Amino acid sequence: MKLIEGNKIAAEIKAEIAEQVKELAAKGQKVPHLSAVLVGHDGGSETYVAFKIKDCESVGFKSSLHRYEDDVTEEELLAKVAELNNNPDVDGFIVQLPLPKHISEQKVIEAIDPRKDVDGFHPENVGRMVIGLPSFVSATPYGIVELLKRYKIETSGKNCVVVGRSNIVGRPMSVLMSQKEMNTTVTVAHSRTKNLAEVCASADILIAAIGSPEFLKANMVKEGAVVIDVGTTRVPSSETKSGFRLKGDVKFDEVSSKCSYITPVPGGVGPMTRVSLLKNTLLAATNKIYS
Ligand code: GUN
């Protein structure tokens, strides 16, 4: 079994991005600027956004954070989105999800200028991705494709099972894996899938994006499979300073000995998700998607 070290690959990509930022600055061009909009004080969202800001600093990007309390109105939030759309200094921005119940996430996502939609959530980017046009691709699937490529994992003709069909991970992942670049035969499994264990065990490449800690056991994995664990559920822990630790969707101790490759949690997919947002921001700043 080989461990897929997302941490290591993400550090390499960050160094590549930092180099490109230096080149932009040396040519007298502005450095990429990522903005984040954060509503409320959800612990997970606070942490994710803090990481995004820190990541920007580490590669030389400019960043800015716009915070609102939980009682912000949809109109106020849409006004901020319009302002960021029209601010030429901002290359890309994200509105951290989830949003409070009284705000339509879809309305907010659709208000974002697709050229600044570095999350790749706008239907225009999703549609462009599906038909193979240049687009901003959601960070987690984008990062997983990059991991498979950098580890030179053969994908062509393989059976890929994606467990989960969320708009952010499972759905775009399944589309990317079916495209000519990856050439896998894809099955999308979900909560209504019958014989889930059998379906998973048919996978040469198994991508778990379920959100249920240690859901995938050894009997659900084929000998020699490549296993990609997207799960990052926070579970209480007395052993960490934060009081919780991250658990993946795969029962690692059981499954790892059966795999050819596996991503750990933490240190596998997570760092690649973070670095993919930086890549998208660089693409936005250099007009590589919509030219
Ligand atoms: N909430 C959980 N993941 C994400 C993400 O990738 N982007 C945004 N904007 N919100 C999220």
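Here is what the cut-offs are and how they apply
- Residues numbered from 1 in each chain as written.
- Predicted model: local features only at pLDDT ≥ 70, side-chain atom pairs only at ≥ 80, totals over all residues.
- Heavy atoms only, no water.
- Helix = DSSP H or I, 4+ residues; strand = E, 2+ residues; numbered from the N terminus.
- Rg over C-alpha atoms; globule rule 2.2 N^0.38 Å.
- Buried < 20%, exposed > 50% of the residue type's maximum accessible area, 1.4 Å probe, protein only.
- Contact = heavy atoms within 4.5 Å.
- Areas by Shrake-Rupley, 256 points an atom, 1.4 Å probe, with all protein chains shown as cover.
- Lys, Arg positive; Asp, Glu negative; His and termini not counted.
- Charge placed at Lys NZ, Arg CZ, Asp CG, Glu CD.
- 1 Å grid on protein atoms, 1.4 Å probe; cavity = no way out; pocket = protein on both sides within 12 Å on 5 of 7 lines; lining within 4 Å.
- Points joined across faces, edges and corners; volume = space filled by probe spheres on them.
- Nonpolar A, V, L, I, M, F, W, Y, C, P; charged D, E, K, R; others polar.
- pLDDT = per-residue confidence, 0-100.
- Pairing = 2+ DSSP bridges.
- Axes fitted to C-alpha atoms, helices over the stretch in contact; angles between N-to-C directions.
- Left-handed = near helix turned anticlockwise from the far one by under 90°.
- Salt bridge = Lys/Arg side-chain N within 4 Å of Asp/Glu carboxyl O.
- Near = heavy atom within 4 Å.
- Polar contact = N/O pair within 3.5 Å; in protein donor to acceptor, adjacent residues only side chain to side chain.

**Q** Hey, could you run me through the overall build of the protein chain in this one?
**A** The number of helices and strands found in the protein chain is ten helices and eleven strands. In summary, the protein chain has a C-alpha radius of gyration of 19 Å against a globular reference of 19 Å for 291 residues, a match within 12%. Viewed in the frame of its principal axes, the protein chain has a C-alpha envelope of about 50 × 40 × 40 Å. Counting only residues that meet the buried cut, the protein chain has 49% of its 291 residues in that class. A separation threshold of at least 6 residues defines the contact pool for the protein chain, and within that pool the share at least 24 residues apart is 70%. When the accessible surface of the protein chain is split by element, carbon and sulfur atoms take 52% of a total near 13900 Å². Each charge sign in the protein chain was given a centre, from 36 positive and 36 negative side chains, and these centres are 4 Å apart.

**Q** Would you mind going over the environment of isoleucine 144 with me for this structure?
**A** Tracing the backbone through its elements, the reader meets isoleucine 144 in helix H6 (residues 139-150). Overall, the relative accessible area of 0% leaves isoleucine 144 in the buried class. Sequence separation of isoleucine 144 and isoleucine 228 is 84 residues, and the distance between their C-alpha atoms is 7.9 Å. Once residues within four sequence positions are removed from consideration, isoleucine 144 is found in contact with Met173, Ile207, Ile228, Val230 and Val269.

**Q** Please explain empty space enclosed by the protein as it appears in this structure.
**A** Over the atoms a probe the size of a water molecule is rolled, and this reveals where empty space is left. Tallied over the full model, the rule gives one cavity of 30 Å³ or more. The space that makes up the largest cavity amounts to roughly 50 Å³. Every residue lining the largest cavity is listed: Ile94, Val95, Leu97, Ile109, Ile112, Asp117, Asp119 and Phe121. Each residue belonging to the lining of the largest cavity can be placed in one class, and the counts come to six nonpolar, no polar and two charged.

**Q** Any chance you could explain the confidence of the model for the protein chain here in plain terms?
**A** Detail in the predicted coordinates should be disregarded across regions flagged by low pLDDT. Residue-level pLDDT values for the protein chain average 97, and 100% of them are 70 or greater. Looking over the protein chain, one finds the lowest element-wise mean pLDDT in strand S9 (residues 233-236), namely 91, and the highest in strand S8 (residues 226-229), namely 99.

**Q** Before we go on, may I ask you to explain the pairing of strand S4 (residues 92-95) in this structure?
**A** Across a regular strand the side chains alternate sides, sitting on one face of the sheet and then on the other. Taking every second residue as pointing to the same face, both faces of S4 are buried, with Gly92 and Ile94 on one and Phe93 and Val95 on the other. Alignment of strand S2 (residues 33-39) against S4, held across four bridges, turns out to be parallel. Note on S4: the bridge partner recorded for serine 35 is phenylalanine 93.

**Q** Even after reading the chapter, I still don't get the packing of H6 against helix H7 (residues 170-178), so can you show me in this structure?
**A** How two helices sit against one another is set out by the angle between their axes and by the gap between those axes. Where H6 meets H7, the closest approach of the two axes is 9 Å, and the angle between their N-to-C directions is 35 degrees. Remark: the crossing between H6 and H7 carries right-handed chirality. Residues Pro141, Tyr142, Ile144, Val145 and Leu148 of H6 form the contact with H7, whose participating residues are Pro172, Met173, Leu176 and Met177. For the contact of H6 with H7, the per-class residue count stands at nine nonpolar, no polar and no charged.

**Q** For this particular structure, what's the right way to read the pattern of salt bridges?
**A** Should their charged atoms come close, side chains of opposite charge can pair. Inspection of the entire model under this criterion finds 15 salt bridges. Glutamate 16 is the partner of arginine 150 in a salt bridge, and the nearest nitrogen-oxygen pair spans 2.9 Å. In this pair, arginine 150 is assigned in helix H6 and glutamate 16 in helix H1 (residues 6-26), connecting sequence segments 134 residues apart. Owing to a relative accessible area of 28%, arginine 150 belongs among the partly exposed residues under this scheme. By relative accessible area, glutamate 16 is classed as partly exposed at 35%. Between lysine 247 and glutamate 214 there is a salt bridge, and its shortest N-O distance comes to 3.3 Å.

**Q** Please clarify how the site of the ligand should be interpreted in this entry.
**A** In the vicinity of the ligand, the contacting residues are Lys52, Val95, Gln96, Leu97, Asp119 and Phe121. Take leucine 97: an N or O atom from its main chain is 2.9 Å from a nitrogen atom of the ligand. In the model, a nitrogen atom of the ligand is placed 2.7 Å from a nitrogen or oxygen of the aspartate 119 side chain. In isolation the ligand has 280 Å² of accessible area, and contact with the protein removes 78% of it.

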